[in-house]
Amino acid sequence: MSRGSGPTAGGGRAGDGQRLFVGGAWVEPDGGHYTVTDPATEERVGWAPEASREQVLAACAAAREAFGPWSRTAPEERAAVLARAADFIRGHLVPYTELARAETGATTGTARAMQVGVGAARFRRYARVEPAEWAIPPQINEAGPMGKAGVTGALAVRQPVGVVTCVTSYNNPWANPAGKVAPALAMGNTVVVKPAPQDPLSVYRMAEALEAAGVPRGVVNVVSGRAVEVGETAVSSPDVDMVSFTGSTAVGQRIAEECGRSMKRQLMELGGKGAALVLDDADVRSAVAGIGTTFSFYSGQICTAPTRVLAQRGVYDRLVEGLAAYAGRLKVGDPSEPDTVVGPLISAAHRDRVESYVELGRKEGAVVVTGGERPPLERGFYVAPTLLADCTNDMRVAREEIFGPVVVVIPFDDEEEGVALANDSDYGLIDYVWSADVAKAFRVARRLRAGGVGVNTVARNMEAPFGGFKKSGVGRDVGSYALHAYSELQAIVWPG
């Protein structure tokens, strides 16, 4: 039985078959359709379109043609389109939530609040016009080879980059693309969105919202497909000026190589292996609740999760005991049920990958305190919340991103060792510190080589810059930082 299908309707749906969105038109895909599967039930959600290389190039060309007029549109007019899109999404919260839950396996609450809700909020956020020019202090120049003595004034002006290819992640098909598309459009760029192949239908609903909001033809394009060629073409097209990518470090490195050949701008939000330092004086219950979100929030399929716990020996046993108890209380099952906390992983292949890491941890000498097996459910790609204790920082389970409901715990003796262990990682996206001594916590935070640090919390400030050190990415977005990310800085200088 299929879910999420229906008669021909808005958004380019013809029965079960979703159409591409290219140049303001809903286009039949040259490559036919493929099945989008509900990871909780293994049933069909709908049919996603498979774009050809020629259709991806057409989308990029449409974005290039639309760029000139859109970039010259008044910022207030662009903001009004984003505001109407936010309202449209809010008005369709129930069906969009149902689709997001079915595509991703997220619980209903997560799909409603953290996926569709955050997506709408991001469009609303960038409907706020911000200054794009800054005066530079006048400079007094002495006479010389460049001319007579005088005073020069200057402006720093934020200009749109051009055509932006947005390659989005499967773990949040609303918040992630909205976080790229909304600021890119606000700055006057045009976009080609290439969604993750596992759950692209929600991204087409986003295009539906933008179309209803009056976005001009070609300003927004969406092309999907399972073939590697779809993404490669969207990145390599000569019509594209910038690539914004969220996903694995390995894929990000390949995209960066392609961008480097033609000097395309790039924004990369890649992998993470968040270190959570829990010091001896920490509130262990608070630390358990924060770290426990790795088990519960979208089954650990989030790059910011505190998956690598570094526990000072004075709290190590209590922390392991608390995390094991926390994991054991979580209901794993159908994400449509209101009391479900842990849903499935995105696919059978990813479930196999996560399970292989748990088995690897056993072989490396880690102690499986809880979890490590499949829940007794007839269908769905489930993995029980798993806690691996007595780990060392050289184990692969402690160094590689697992992207599932798996937490590893590593003991340390003193602050110096804890900081050294936290920084001994290829990643540096978001780390965490728990300590009752706030001054000490901030001291430790400043020593961590990570793009963000949570002090006694896993919450985020949605105006704070987001991005990573090392192999966790290049650049920063969120809030006003996203407007910088999707713009070029131009200096205009004149004689005073």
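Summary of the structure given here. This one's a predicted model, so the numbers in the text were calculated from it and none came from an experiment.

## Topic: the overall build of the protein chain
Thinking step 1. Looking only at helices and strands, the protein chain features 16 helices and 24 strands.
Thinking step 2. The C-alpha radius of gyration of the protein chain comes to 24 Å, within 12% of the 23 Å expected for a compact globule of 496 residues.
Thinking step 3. Out of the 496 residues belonging to the protein chain, those deemed buried represent 56%.
Thinking step 4. Within the protein chain, contacts between residues at least 6 apart in sequence are counted, and of these 71% link residues at least 24 apart.
Thinking step 5. Counting only carbon and sulfur atoms, one obtains 54% of the accessible surface of the protein chain, whose full area is about 20000 Å².
Thinking step 6. If you average the places of the 51 positive and of the 57 negative side-chain charges in the protein chain, the two averages end up 3 Å apart.

## A look at the pairing of strand E18 (residues 406-412)
Thinking step 1. With seven of seven residues buried, E18 is to be regarded as a mostly interior element.
Thinking step 2. Residues of E18 alternate between two faces, with Val406, Val408, Ile410 and Phe412 on one and Val407, Val409 and Pro411 on the opposite face, all of them buried.
Thinking step 3. Direction of pairing for strand E15 (residues 308-312) relative to E18: parallel, over a ladder of five bridges. If you follow Gln312 over to E18, its bridge partner there is Phe412.
Thinking step 4. Looking at chain direction, strand E17 (residues 386-389) and E18 are connected through three bridges and run parallel. Within E18, the residue paired with Thr386 across the bridge is Val406.

## Here's the deal with the packing of aromatic side chains
Thinking step 1. As enumerated under the stated definition, the model contains five aromatic pairs in all.
Thinking step 2. Measuring from centroid to centroid gives 6.0 Å for Tyr170 and Phe403, while their planes differ by 90°, and the two rings are edge-to-face. Of this pair, Tyr170 sits in the loop between strand E9 (163-167) and helix H5 (175-186) while Phe403 sits in the loop between helix H13 (396-399) and E18, placing them 233 residues apart in sequence. In this structure, Tyr170 and Phe403 share a single accessibility class: buried.
Thinking step 3. Taken together, the ring pairs in this structure connect Phe21, Trp26 and Tyr204 into an aromatic cluster.
Thinking step 4. Over the ring of Tyr126 we find Arg125, and its NZ or CZ is 4.9 Å from the ring centre.
Thinking step 5. Over the ring of Phe466 we find Arg460, and its NZ or CZ is 4.1 Å from the ring centre.

## Concerning the sheet that holds E18
The strands making up a sheet associate through backbone hydrogen bonding, with each pair oriented either parallel or antiparallel.
Thinking step 1. Reading across from one edge, E16-E17-E18-E15-E14-E20-E21 is the order of the seven strands in this open sheet, with mixed pairing throughout. Two strands in the sheet have a free side with no partner beyond their single neighbour: strand E16 (367-370) and strand E21 (452-455). For this sheet, the mean inter-axis angle between neighbouring strands, taken without regard to orientation, is 25°.
Thinking step 2. Contacts from helix H9 (residues 284-291) reach strand E14 (275-278), E15, E18 and strand E20 (430-434) within the one sheet, and its direction differs from that of E20 by about 160°.

## Thoughts on unusual backbone geometry
Thinking step 1. At Tyr298, a residue that is not glycine, the phi angle is positive and equals roughly 50°.
Thinking step 2. With respect to the helices and strands, Tyr298 occurs in the loop between helix H10 (293-296) and E15.
Thinking step 3. For Asp390, which is not glycine, the phi dihedral falls at a positive 55°.
Thinking step 4. Looking at the element boundaries, Asp390 is found in the loop between E17 and H13.
Thinking step 5. Take Asp390: its relative accessible area is 43%, and that puts it in the partly exposed class.

## Some thoughts on empty space enclosed by the protein
Thinking step 1. Across all of its chains, the model carries four cavities of 30 Å³ or more by this definition.
Thinking step 2. Estimated volume of the largest cavity: approximately 60 Å³.
Thinking step 3. The space that makes up the second largest cavity amounts to roughly 50 Å³.
Thinking step 4. Listing elements by their share of the lining of the second largest cavity, those giving two or more residues are helix H14 (415-423) and strand E19 (427-428).

## Quick notes on helix H7 (residues 228-236)
Thinking step 1. Within the span of H7, buried status applies to Val230, Gly231, Thr233, Ala234 and Val235.
Thinking step 2. On its buried face, H7 is in contact with helix H1 (53-71), E9, strand E10 (190-194), strand E12 (242-246) and helix H8 (249-262).

## Describing the pattern of salt bridges
Thinking step 1. Taken as a whole and judged by the stated rule, the model has 22 salt bridges.
Thinking step 2. Glu258 is paired through a salt bridge with Arg261; the nearest N and O atoms lie 2.9 Å apart. Within this pair, Glu258 and its partner Arg261 are both found in helix H8, separated by three residues, close to a single helical turn.
Thinking step 3. The partner of Asp281 in a salt bridge is Lys440, with the nearest N and O atoms 3.5 Å apart. Of the two residues, Asp281 sits in the loop between E14 and H9 while Lys440 sits in helix H15 (residues 438-447), which places them 159 residues apart along the sequence.
Thinking step 4. Residues joined in a network through salt bridges with shared partners are Arg125, Arg128, Glu130 and Glu463.

## A short note on the sheet that holds strand E7 (residues 133-141)
Thinking step 1. The three strands lie next to each other as E7-E8-E24, forming an open sheet whose pairing is antiparallel. Edge positions in the sheet fall to E7 and strand E24 (487-495), since each has one partner strand and no second. Neighbour-to-neighbour, the strand axes of the sheet open up by a mean angle of 25°, direction not taken into account.
Thinking step 2. Sheet topology note: the E7/strand E8 (residues 150-160) ladder contains seven bridges and is antiparallel.

Cut-offs used in this document
Residues numbered from 1 in each chain as written. Predicted model: local features only at pLDDT ≥ 70, side-chain atom pairs only at ≥ 80, totals over all residues. Heavy atoms only, no water. Helix = DSSP H or I, 4+ residues; strand = E, 2+ residues; numbered from the N terminus. Rg over C-alpha atoms; globule rule 2.2 N^0.38 Å. Buried < 20%, exposed > 50% of the residue type's maximum accessible area, 1.4 Å probe, protein only. Contact = heavy atoms within 4.5 Å. Areas by Shrake-Rupley, 256 points an atom, 1.4 Å probe, with all protein chains shown as cover. Lys, Arg positive; Asp, Glu negative; His and termini not counted. Charge placed at Lys NZ, Arg CZ, Asp CG, Glu CD. Pairing = 2+ DSSP bridges. Phe/Tyr/Trp six-rings, centres within 6.5 Å; stacked < 30°, edge-to-face > 60°. Lys NZ or Arg CZ within 6 Å of the ring centre and 35° of its normal. Axes fitted to C-alpha atoms, helices over the stretch in contact; angles between N-to-C directions. 1 Å grid on protein atoms, 1.4 Å probe; cavity = no way out; pocket = protein on both sides within 12 Å on 5 of 7 lines; lining within 4 Å. Points joined across faces, edges and corners; volume = space filled by probe spheres on them. Salt bridge = Lys/Arg side-chain N within 4 Å of Asp/Glu carboxyl O.

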